[in-house]
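Chain residues, written in single-letter form:
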Amino acid sequence: MTTTLTESRARKAIRPSGAPKGRRPKKLGRYLAMSPGLLFLAAISIYPTLYSLVVSFMRWNLSSGEAARFVGLDNFVGLLTDGLFWNSVRVTLVFVFFSVLIELVLTFGLALLFFRGFPGDKLLRALIMMPMLCAPVVVGLLARFSLEPTYGIVNQLMRSIGLPTTEFLGNVDLALPTLIAIDVWQWSPFLFLILLAAMQGIPEEVIEASKIDGASWPRIIWHQFLPLLRYPILVGVLLRLIDSFRVYDIVYMTTRGGPVDATSTMSWQIYNVGFRAFNISYAAAFSWLLLLLVLLAVNSLIRRMVARS
Amino acid sequence: MKDSQKRTAKLRIGALGVITAAAVALSGCAAGAPQADSGQKTLNAIFLPADWGKVVQEKLAPEYEKETGVKVNVELVGRDAIHEKMATLFAGQDSSYDIFNVDYNWIPEFGKGGHLVPLDNALPDKEDFLPLSLKVATWDNKLLGIPQTVHPATLWYNGALYNDQTMKDQYQAATGTALTVPKTMDEWLTQVKFFNGKTFKGQKLSGWAAQAAKGFGNVHTWLSFAYSYGCKPFNDDFTKSTLTTSECIGATERWSEMMKYMPAGANDFTYDSVTTAAQQGSIATAIQWSWGQFATDNPSASKTVGDWQMTTIPAGPTGLSSAHLAEWVISVSKYSKNTEEATKFAVWLESKKNDVLQAANGGGDPVRASSYSAPTLTEQKLEGNGAARFRRLPVTLEAMKTAQPRPFFPGEETWETTLSTELSAISLGQRGVQEGLSRADEAVDKNLSQ
């Protein structure tokens, strides 16, 4: 004990003055400065997330007046044997895959068109951005009115050029593609913004050098742009992917999961279970499976992109 | 102090400022909950943003404050949001709101949970209320809500169309019978088929329209068919779904057949879509809530002012005509800190005078039998038209005699969601009637077992 204390004092003595003394208070100061934010995060995010995990192992209906009780994996087993759950997984995956894919292809093309600049490009760019500025609920409402078969502007335009009246939201085969189209309309500007900014950051020398080497534009895009844009694309796609998985607003405003269950996404089902039936525990389990699915999708995408690079 | 240390100190002060500002802002967020004015008794109420909620917010609550000095803050919130708020606030035994506008099918759900104040002793003249309106506000022999407005489904028909001589002649020639207001489902189907595709006043007609969207709309329309065919969706104690009885199958087959004569996009039709179609005069008949007639009599929005008439739902094969009932009640939260004052306000809202006043201001159909003969309502005429503004009231009163509520048990909302999906599949031809109803039976029984 005596030896240890002496050694410690000796170590302190040979340290340059100032450096060791200040470290602890500085660290403490940092933690103190961060603590309100961390506490806030813990209160509004970490605690509810963990609590929802606890709830997912219980049976708890908010309106029943009965106390919650532990039921182990019952909710998860119930979900995995529930046809509605698997339907919602299928609908969500189709929605996510096609909406993100179409947005990516479309906005890559648009960004290529805009990155060189042309007369009026700023005005057009601003117009392209506009859907993104609308609240999803407003977009859903607009879509509902615009696509209404009798009085909606889309059908009126279609009829005026001799096309038949189409039930975009009421047809089992068309409802999901229509929702994908609405999502593409609203959120393409987001990816466009990311891709355009990234493209404009590509050094001009790279393009010029490729041209001097005789590379055609398609080759420049394939061999220069795509590798250089890999990470901006990854970030944009990841953000859109996560956002698409939790699509709810436009479903609520347009189809409410119908017709039949053609647009019943996981988020919609969670709402139905949690806020119509108030089966909070089942909804919590549902949410955790959704989270798992999102994590799996995001993780596999990151792995693939990183492995390729 | 070195420059870097000064900078660090400044940064820390800045950070502290940001944190303080955030804390102030967050405390401001907490002000989103209703606040009581100091010294004055205040009640907080949530009503539906329908006309009966607006009347309470704009006219009756301020009048109550003048009369009693009690301030009533009325928030108008959509149906789904009311349901969500009630469940979450009740689960937390939260006293933020004293009064809720309640769709009667939530009474069993919140009644079973013991979240609502029994109002039996507070209502002095129950005998004046329409019996059915009180019945659906009662759970476990306790009156848990004071009826505010009733809307039985009724059959709407375009009176101008039914009185048009050319149409009458054409109908006679086509069917061999006179065109009269349909009394039975078969007569109605014949007329719907006849009118569908005809042109009247420049509008191409569809035979009929009704709510058909997935969610609850298609269930609500289907219920009027089901009840008129004698279909009972459950056994007596709500332990078994009985949707595959011959009555239910017959009702569903007829409903499904009639869906062919609705306008394009009908599978997505909501209450508003039906109203718009009626206002445009593009449908011959409709199943719609009685109260909705005021919208078609609004000259700024309707081309059919004074044209729409009503009758009771056509009778099914056994001669039974039974409408699906819609009704909203006023309930008091058990967790309110002012239950006595809140109860007084709820009772006051449905006094004889106020029941009439609400109806006169477009706030839905009255809940008191005496209001149906109130001159304030019966003598009102539409401006420049001469038609009685409340011509629907005798039909509403008649419909209330045989109307039936939605299945009155705590899981009704879930039941609607489940059945709605299958009805949607049936109406879109994705499943046959028998198959769809069997699947619904299976899904409902699974829910009941949980």
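Everything numeric here is computed off the predicted structure, so don't read it as measured data.

Q: Tell me about the overall build of chain B, residues and numbers included.
A: Within chain B, the secondary structure is distributed over 18 helices and twelve strands. With respect to the three principal axes, the spread of C-alpha positions in chain B is 105 × 50 × 50 Å. For chain B, the share of sequence-separated contacts (at least 6 apart) that also reach a separation of at least 24 residues comes to 74%. As presented, chain B carries roughly 18,000 Å² of accessible surface, and 52% of it is formed by carbon and sulfur atoms.

Q: A description of unusual backbone geometry should follow, citing residues and the corresponding values.
A: The omega torsion of the bond from A:Gly258 to A:Pro259 falls at -10 degrees, within 30 degrees of zero and hence cis. Secondary-structure assignment places A:Pro259 in the loop between helix H12 (249–254) and helix H13 (266–276). One non-glycine residue with positive phi stands out, namely A:Val260, at about 50 degrees. Note that A:Val260 resides in the loop between H12 and H13. Among the residues examined, A:Val260 registers a relative accessible area of 6% and is labelled buried. Here the phi dihedral of B:Asn141 falls at roughly 60 degrees; this positive angle occurs in a residue that is not glycine. Relative accessible area serves as the criterion here: at 72%, B:Asn141 is assigned to the exposed category.

Q: Before we move on, can you summarise the interface of chain B and chain A with the specific residues and values?
A: Of the residues lining the interface, 41 residues belong to chain B; the matching set on chain A comes to 36 residues. Contact between chain B and chain A buries roughly 2,900 Å² in total, counting both sides, with carbon and sulfur atoms accounting for 53%. Of all residues in chain B, B:Asp80, B:Lys214 and B:Asp268 give up the largest surface area on contact with chain A, accounting jointly for 18% of the area buried on that side. The interface formed by chain B and chain A contains three salt bridges. Between A:Arg144 and B:Asp268 there is a salt bridge whose closest N-O contact spans 3.9 Å. Where chain B meets chain A, there are twelve residue pairs in polar contact (both at pLDDT 80 or more). Looking at the side of chain B that touches chain A, the elements with two or more residues in it are helix H1 (3–29), helix H3 (79–91), helix H4 (107–112), helix H11 (271–280) and helix H17 (412–427) of chain B.

Q: Give a description of the pairing of strand S1 (residues 42–47) of chain B that names residues and reports values.
A: A regular strand places its side chains on the two faces of the sheet in alternate fashion. Residue and element names in this part refer to chain B. With six of six residues buried, S1 is to be regarded as a mostly interior element. The alternating pattern of S1 places Thr 42, Asn 44 and Ile 46 and Leu 43, Ala 45 and Phe 47 on opposite faces, both of which are buried. As judged from the six bridges shared by S1 and strand S2 (residues 71–76), these two strands associate in the parallel manner. When the sheet's bridge partners are listed, Ile 46 is paired in S2 with Glu 75. On the question of chirality, the crossover connecting S1 to the parallel S2 by way of helix H2 (residues 51–68) is right-handed. By the bridge criterion, two bridges tie S1 to strand S3 (residues 99–103) in an arrangement that is parallel. In the sheet register, Ile 46 faces S3, and the bridge partner there is Phe 100.

Q: For the environment of B:Val102, give the residues involved together with the corresponding values.
A: Residue and element names in this part refer to chain B. Position of Val 102 relative to the elements: it lies in strand S3. By relative accessible area, which is 0% here, Val 102 ends up buried. Separated by 225 residues in sequence, Val 102 and Glu 327 place their C-alpha atoms 8.6 Å apart.

Q: Describe in detail the state of the cysteines, supporting the description with residues and values.
A: Residue and element names in this part refer to chain B. Within this structure, the stated rule accounts for one disulfide over all chains. Disulfide pairing places Cys 231 opposite Cys 248 at an S-S distance of 2.0 Å. Looking down the S-S bond of the Cys 231 and Cys 248 bridge, the torsion is 85 degrees, so its handedness is right-handed. Here Cys 248 lies in helix H10 (residues 246–258) and Cys 231 lies in the loop between helix H9 (217–228) and H10, a separation of 17 residues in the sequence. With respect to burial, Cys 231 and Cys 248 carry one shared label: buried.

Q: Any chance you could break down the domain arrangement of chain B for me, citing the residues and the numbers?
A: All names here are of chain B. Examined at the domain level, chain B breaks down into domain 1 (42–151 + 326–396) and domain 2 (152–324 + 405–449). Centre-to-centre, using C-alpha coordinates, domain 1 lies 27 Å away from domain 2. Taken residue by residue, the interface counts 32 residues in domain 1 and 27 residues in domain 2. Counting each side, the surface lost to burial between domain 1 and domain 2 is near 2,400 Å², with a carbon and sulfur contribution of 61%. Summed over the shared surface of domain 1 and domain 2, the number is three salt bridges. The shortest N-O distance in the salt bridge between Arg 406 and Asp 103 comes to 3.3 Å. For the interface between domain 1 and domain 2, the tally reads twelve residue pairs in polar contact (both at pLDDT 80 or more). Looking at the side of domain 1 that touches domain 2, the elements with two or more residues in it are H2, H3, H4, helix H5 (131–135), strand S4 (138–139), strand S6 (146–158) and helix H16 (393–402). Per-element tally for the side of domain 1 that touches domain 2: the top contributor is H4, with four residues.

Q: Summarise the confidence of the model for chain B; cite the residues concerned and give the values.
A: Any region with low pLDDT has predicted coordinates that should not be read closely. Across chain B, pLDDT averages 91, with 91% of residues at or above 70. Note on residues 18–33 of chain B: pLDDT is under 50 here. Beyond four places in sequence and across chains, it has four contacts.

Q: Explain the packing of H13(A) against H3(B) to me, using residue names and the numbers behind them.
A: Taken N-terminus to C-terminus, the directions of H13(A) and H3(B) make an angle of 55 degrees; their axes are 10 Å apart at the nearest point. One element, H13(A), and the other, H3(B), form an angle in the oblique class. Contacts between H13(A) and H3(B) involve A:Tyr271, A:Phe275 and A:Arg276 from the first element and B:Arg79, B:Asp80, B:His83 and B:Glu84 from the second. Classifying every residue of the contact of H13(A) with H3(B) gives two nonpolar, one polar and four charged.

Q: Run through the packing of aromatic side chains, naming residues and quoting values.
A: Applying the stated criterion to the full structure yields 44 aromatic pairs over all chains. Aromatic side chains A:Phe97 and A:Phe98 sit 5.2 Å apart centroid to centroid with 85 degrees between the ring planes, which places their arrangement in the edge-to-face category. Between the aromatic rings of B:Tyr271 and B:Trp289, the centroid separation amounts to 5.4 Å while the plane-to-plane angle is 25 degrees, which identifies the pairing as stacked. Taken as a pair, B:Tyr271 in helix H11 and B:Trp289 in strand S10 (residues 283–289) lie far apart in primary sequence, 18 residues in all. For the pair formed by B:Tyr271 and B:Trp289, the shared burial category is buried.

Q: So what's going on with the environment of B:Val192? Which residues, and what values?
A: All names here are of chain B. Structurally, Val 192 is set in helix H8 (residues 185–195). In this structure, the C-alpha to C-alpha distance between Val 192 and Glu 247, residues 55 residues apart in sequence, is 22 Å. If we skip the residues at most four places from it in the chain, Val 192 touches Gly 207, Trp 208, Met 258, Tyr 261 and Thr 285.

Rules used in this analysis
- Along each chain, residues carry numbers from 1 onward, in the same order as the chain's sequence is written.
- Following the order in which they are written, the chains are lettered starting with A and the ligands numbered starting with 1.
- Under the rules for a predicted model, residues below a pLDDT of 70 receive no local features and side-chain atom pairs below 80 are neither given nor counted, while totals for whole chains, interfaces and linings still include all residues.
- With hydrogens and water excluded, all non-hydrogen atoms of the structure serve as input to the side-chain values.
- In this description a helix means any DSSP run of H or I spanning at least four residues, a strand means any run of E spanning at least two, and both kinds are numbered starting from the N terminus.
- Only heavy atoms enter the contact rule, under which two residues are in contact if any of them lie within 4.5 Å.
- Each accessible area is a Shrake-Rupley result for a 1.4 Å probe, and residues are judged covered by the shown protein chains and nothing else.
- Relative accessible area decides the class of each residue, using a 1.4 Å probe on protein chains only: under 20% of the type maximum gives buried, over 50% gives exposed, and in between gives partly exposed.
- When two components associate, each loses some accessible surface as probed by a 1.4 Å sphere; the sum of these losses over both components is called the buried area.
- A pair is scored as a salt bridge if a Lys or Arg side-chain nitrogen falls within 4 Å of a carboxyl oxygen belonging to Asp or Glu.
- We define a polar contact as two N or O atoms separated by no more than 3.5 Å, with the added condition that, inside protein, one atom must be a possible hydrogen donor and the other a possible acceptor, whereas residues neighbouring each other in sequence contribute only through side-chain atom pairs.
- Strands are treated as partners if at least two bridges between them are detected by DSSP.
- A clockwise path from the first strand over the helix to the second, with the strands pointing away from the viewer, defines a right-handed crossover.
- Note that a disulfide, as used here, is simply two cysteine sulfur atoms within 2.5 Å.
- Residue ranges for the domains originate in an automatic or database domain assignment.
- Within a predicted model, pLDDT stands for the predictor's per-residue confidence, ranging from 0 to 100.
- Only the contacting stretch of a helix is used when fitting its axis, a line to C-alpha atoms as for every element, and angles between N-to-C directions run 0 to 180 degrees.
- Should an angle lie under 35 degrees it is considered roughly parallel, over 145 roughly antiparallel, and from 65 to 115 roughly perpendicular; all remaining angles are considered oblique.
- Charged means Asp, Glu, Lys or Arg here, nonpolar means Ala, Val, Leu, Ile, Met, Phe, Trp, Tyr, Cys or Pro, and polar covers whatever is left, Gly included.
- Working definition: a ring pair exists when centres of Phe, Tyr or Trp rings (six-membered ring for Trp) sit within 6.5 Å. Plane angles under 30 degrees give stacked, over 60 give edge-to-face, the rest tilted.

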